[in-house]
Amino acid sequence: MSQPNEPAAQDRTPHEQWTAVDAFFDEALVRPSEDFAAIRRAAAEAEMPAIEVSAAQGKFLALMVQITGARRILEVGTLAGFSTLWLARAAGPDGKIITCEFEPKHAEVARRNLEAAGVGERVEIKVGPAADSLQSLLDVGGADEPFDLVFLDADKVNNPVYLEFALKMSRKGTVIIGDNVVRGGGVLDSVSEDPDIQGTRRFLQAQGENPALEATALQTVGMKGWDGFSLALVK
Ligand code: DHB
Ligand code: MG
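Residues numbered from 1 in each chain as written. Chains lettered and ligands numbered in written order. Predicted model: local features only at pLDDT ≥ 70, side-chain atom pairs only at ≥ 80, totals over all residues. Heavy atoms only, no water.

A word on the sheet that holds strand β5 (residues 175-179)
As summarised here, the arrangement of the seven strands in space is β3-β2-β1-β4-β5-β7-β6, forming an open sheet in which the pairing is mixed. Unpaired on one side and paired on the other, β3 (123-127) and β6 (213-222) mark the two borders of the sheet. Adjacent strand axes in the sheet meet at a mean angle of 15 degrees when their direction is disregarded. Both strand β1 (residues 72-76) and strand β4 (residues 149-152) contribute to a ladder of four bridges, which runs parallel. Looking at the pairing, Ile-73 lines up with Leu-149 of β4. Running at roughly 30 degrees to strand β7 (residues 225-234), helix α8 (residues 195-209) makes contact with β4, β5, β6 and β7 of the sheet. (Pairing = 2+ DSSP bridges. Helix = DSSP H or I, 4+ residues; strand = E, 2+ residues; numbered from the N terminus. Axes fitted to C-alpha atoms, helices over the stretch in contact; angles between N-to-C directions. Contact = heavy atoms within 4.5 Å.)

Following this line, the structure appears as structure tokens:
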């Protein structure tokens, strides 16, 4: 319902309209538990960037976990644990989430948030450059059991590297999801000097060229602007 002080729909910018629709979806459908708002508050208090997925996107990830029956999940890019909590709740008490975070301070905030939300036992946070964490996971045989679902949401420049690791730790049927593959249309700029754009382009091209993957990408608008997810299935 529109509030008395809100501008009429036609007077709002597209971003304001997308954000209002996300608010309606949150209320009508997503109905996030209080833990998610608590994570946002803790992240703001710790002065962390507010770049986590939206609640609607988090629930989309949770539904992907439930639809596929995923139990072993790899996340790259923990931040304050917002998407981690969606994934962990959906995986259930037998779930195991390994999540990689570059910043020790962010990992500490995430650890507290996930413990407060009651999923601390099913989440392992690996701190440091994700490529190093993933290499050591491979070295110690920690990925002998493949992941069922992978969510890549860290530094975009390294997404091609993370994709390679994900493939080494996958099986037939593993689902690989990448966040932020559109970036307001920035992905189109083939001569961009932004390493994140180049990384995103290579990440998508590598999926398309890999005969072991069936992949697509979906554009999204919402409170996070114009962006999108890639989705791939290991054949
Ligand atoms: C940024 C990173 C993200 O993962 C995201 O979803 C939005 C923005 C960023 O680095 O700016
Ligand atoms: Mg993201």
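That was the structure; now back to the text.
Side note on the coordination of the magnesium ion (ligand 2)
Surrounding the magnesium ion (ligand 2) are the protein donor atoms Asp-153 (OD), Asp-179 (OD) and Asn-180 (OD1), at 2.0 to 2.1 Å. Along the chain, the residues donating to the magnesium ion (ligand 2) fall in the pattern D-x25-D-N. Of this pair, Asp-153 sits in the loop between β4 and α7 (159-168) while Asn-180 is found in the loop between β5 and α8, placing the two residues 27 residues apart along the sequence. Given the relative accessible area of 7%, Asn-180 is considered buried. (Donors = N, O, S within 2.8 Å, 3.2 Å for Na, K, Ca; no water. Buried < 20%, exposed > 50% of the residue type's maximum accessible area, 1.4 Å probe, protein only.)

In short, the description is geometric, and any link to function would need to be established separately.
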